[in-house]
Amino acid sequence: MTGESIKNTISLMFITVVAGLLLGLVYEITKEPIATQQRHAKEEAYQEVFADAGTFEEIEIEKQKIEGELKKKGFDASIDEAMKVLDKDGDPAGYVLTVTDHEGYGGDIRFAMGVKSDGTVNGISFLSISETAGLGMKAQEDDFKNQFAGKKAKSFTYTKNGASGDNEIDALSGATITTNAVTNGVNAALYYISRLDK
């Protein structure tokens, strides 16, 4: 090795070490604010899907067991978090779940969903979605997501011909994959809640 190549190697190694240290420092500085922001987004979503909640009590999830059950039922989804909702007087009012469906066109679709004690869906609020702009991303709009709100069904289906029952929603035009993913995520959550009530 020549003196020039040794000098270049040492310089490159020094730059790599400094860059690594700076990346580590940036990660440490941004880690807590990002976690705080994610926590706030989740809390806002919970309030959106269960506005009259007094408090939320976490329900322990047996992840492997429930994911196995969901797969057997044909769902490609996971229940990430489950909360029992208590009203202002401390009485049970329903549940709020964080659901991830793995069938989205652009990847995982994660949302919060509120369900009253009688099985009526309070609503859904998206936490992360990366579908096609102008098509699948319309799932975030009230016209689509509000179709679930106020309806009581064991499971939902979607139609392209106009929903006619409480268990039907209108598919997003040009985004059947997204519609299917969200509907299946909602159905997975309803199935999980039906297990809690047994």
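Read on for a plain summary of the structure.

Procedures and definitions
Residues numbered from 1 in each chain as written. Predicted model: local features only at pLDDT ≥ 70, side-chain atom pairs only at ≥ 80, totals over all residues. Heavy atoms only, no water. Helix = DSSP H or I, 4+ residues; strand = E, 2+ residues; numbered from the N terminus. Rg over C-alpha atoms; globule rule 2.2 N^0.38 Å. Phe/Tyr/Trp six-rings, centres within 6.5 Å; stacked < 30°, edge-to-face > 60°. Buried < 20%, exposed > 50% of the residue type's maximum accessible area, 1.4 Å probe, protein only. Core = buried A, V, L, I, M, F, W, Y, C linked by side-chain atoms within 4.5 Å.

## So, the overall build of the protein
(1) Moving on: If you tally the helices and strands in the protein, you get four helices and seven strands.
(2) Moving on: Along the chain direction, N to C, the helices and strands of the protein fall in the order α-β-α-β-β-β-β-α-β-β-α.
(3) Moving on: Scaling as 2.2 N^0.38, a compact globule of 198 residues should have a C-alpha radius of gyration of about 16 Å, whereas the protein reaches 22 Å, well beyond that.
(4) Moving on: Each of the three principal axes of the protein carries a C-alpha extent, and together these read 80 × 45 × 30 Å.

## Brief notes about the packing of aromatic side chains
(1) Moving on: Taken as a whole and assessed by the stated rule, the structure comprises four aromatic pairs.
(2) Moving on: Taking the centre distance of 5.9 Å and the plane angle of 85° together, the rings of Phe144 and Phe148 count as edge-to-face. Phe148 matches Phe144 in its accessibility class, with the two residues each being buried.
(3) Moving on: A network of ring pairs unites the aromatic residues Phe144, Phe148 and Phe156 as a single cluster.

## Re the nonpolar core
(1) Moving on: Membership of the largest hydrophobic core comes to 36 residues, with the highest contact counts inside it found for Met113, Phe148 and Val186.
(2) Moving on: Among the elements of the structure, helix H2 (63-72), strand S2 (77-86), strand S3 (92-101), strand S4 (109-116), strand S5 (121-128) and helix H4 (176-196) are those that each provide at least two residues to this core.
(3) Moving on: No other element matches the nine residues that H4 contributes to this core.
(4) Moving on: Core analysis: the second largest hydrophobic core is formed by 10 residues, Tyr46, Met83, Val85 and Ala93 among them.

So, to be careful, I would describe these as geometric facts and stop short of saying anything about function.
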